[in-house]
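Take a look at the letters that make up each chain.
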Amino acid sequence: MSIYCSSELESQVNQYFKSQNTMALADSTKALYNAVLRKKLLPFCEENEITKLNEKFTDHMDSFGEFLQHKKVSAHTTQSYLSG
């Protein structure tokens, strides 16, 4: 399955990495966040037809947790993704 994401989602992810929130992060941390966003979150959004990350995305957190479990992500890692 190819990774699809709406141009809005792609833009939001790119903006996140240019934001003040990520400026102080180590390169290794940015790389980890990038992998999570692009390899886990974007496919989840595609499957659930989510085209924009906004305050309503929190309504999908239980489903995202289930998605991660289905992908065999450890419970500790899933908790980190959901509480980050």
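Going by the structure above, here's the rest.
Residues numbered from 1 in each chain as written. Predicted model: local features only at pLDDT ≥ 70, side-chain atom pairs only at ≥ 80, totals over all residues. Heavy atoms only, no water.

## Quick word on the packing of aromatic side chains
The condition that has to hold: Pairs were defined over the aromatic rings of Phe, Tyr and Trp, the Trp ring being its six-membered one, requiring ring centres within 6.5 Å. Orientation was assigned from the angle between planes: stacked under 30 degrees, edge-to-face over 60, tilted for the rest. Going along the chain from the N terminus, every DSSP run of H or I of four or more residues is numbered as a helix, and every run of E of two or more is numbered as a strand. Burial classes: relative accessible area under 20% of the type maximum marks a residue as buried, over 50% as exposed, and values in between as partly exposed (1.4 Å probe, protein chains only).
By the definition in use, this model includes 5 aromatic pairs. With a centroid separation of 6.2 Å and an interplanar angle of 90°, the aromatic rings of Phe-44 and Phe-57 are classed as edge-to-face. One end of the pair, Phe-44, is in helix H3 (residues 27-47); the other, Phe-57, is in the loop between H3 and helix H4 (61-70), with 13 residues separating them in the sequence. Taking the relative accessible area as the measure of exposure, Phe-57 reaches 12% and is therefore buried. Ring centres of Phe-44 and Phe-67 lie 5.5 Å apart, and the angle between their planes is 65°; on these two criteria the pair is classed as edge-to-face.

## So, the pattern of salt bridges
For clarity, the cut-off: Whenever a carboxyl oxygen of Asp or Glu lies within 4 Å of a side-chain nitrogen of Lys or Arg, that contact is scored as a salt bridge.
Overall, the coordinates contain 1 salt bridge when judged by the stated rule. The closest approach of N and O atoms between Glu-10 and Arg-38, which form a salt bridge, is 2.9 Å. Placement of the pair is Glu-10 in helix H1 (residues 7-18) and Arg-38 in helix H3, with a sequence separation of 28 residues. Residue classification places Glu-10 among the partly exposed residues on the basis of a relative accessible area of 27%. Take Arg-38: its relative accessible area is 22%, and that puts it in the partly exposed class.

## Re the side chain of Gln-12
Applicable threshold: Residues count as neighbours in contact if any of their non-hydrogen atoms are within 4.5 Å of one another.
When you line up the elements, Gln-12 lands in helix H1. Overall, the relative accessible area of 18% leaves Gln-12 in the buried class. Residues within four places of Gln-12 in sequence aside, it is in contact with Lys-52 and Leu-53.

## A short note on the packing of H1 against H3
Here is the rule: Helix axes are fitted to C-alpha atoms over the stretch in contact, other axes to C-alpha atoms as well, and angles between N-to-C directions run from 0 to 180 degrees. Each angle gets one of four labels, with under 35 degrees taken as roughly parallel, over 145 as roughly antiparallel, 65 to 115 as roughly perpendicular, and the rest as oblique. By definition, turning the near helix anticlockwise from the far helix through less than a right angle yields a left-handed crossing, and turning it clockwise yields a right-handed one. By the convention adopted, Pro, Cys, Tyr, Trp, Phe, Met, Ile, Leu, Val and Ala count as nonpolar, Lys, Arg, Asp and Glu as charged, and the other residues, Gly among them, as polar.
As a packed pair, H1 and H3 sit with axes 11 Å apart at the nearest point and diverge in direction by 165°. Compared by their axis directions, H1 and H3 come out roughly antiparallel. The two elements H1 and H3 meet at a crossing, and its hand is right-handed. Two secondary-structure elements touch here, H1 through Leu-9, Glu-10, Val-13, Asn-14, Tyr-16 and Phe-17 and H3 through Lys-30, Tyr-33, Asn-34, Leu-37, Arg-38, Leu-42 and Cys-45. Per-class residue counts for the contact of H1 with H3 are 8 nonpolar, 2 polar and 3 charged.

Honestly, it's all geometry; don't read function into it.
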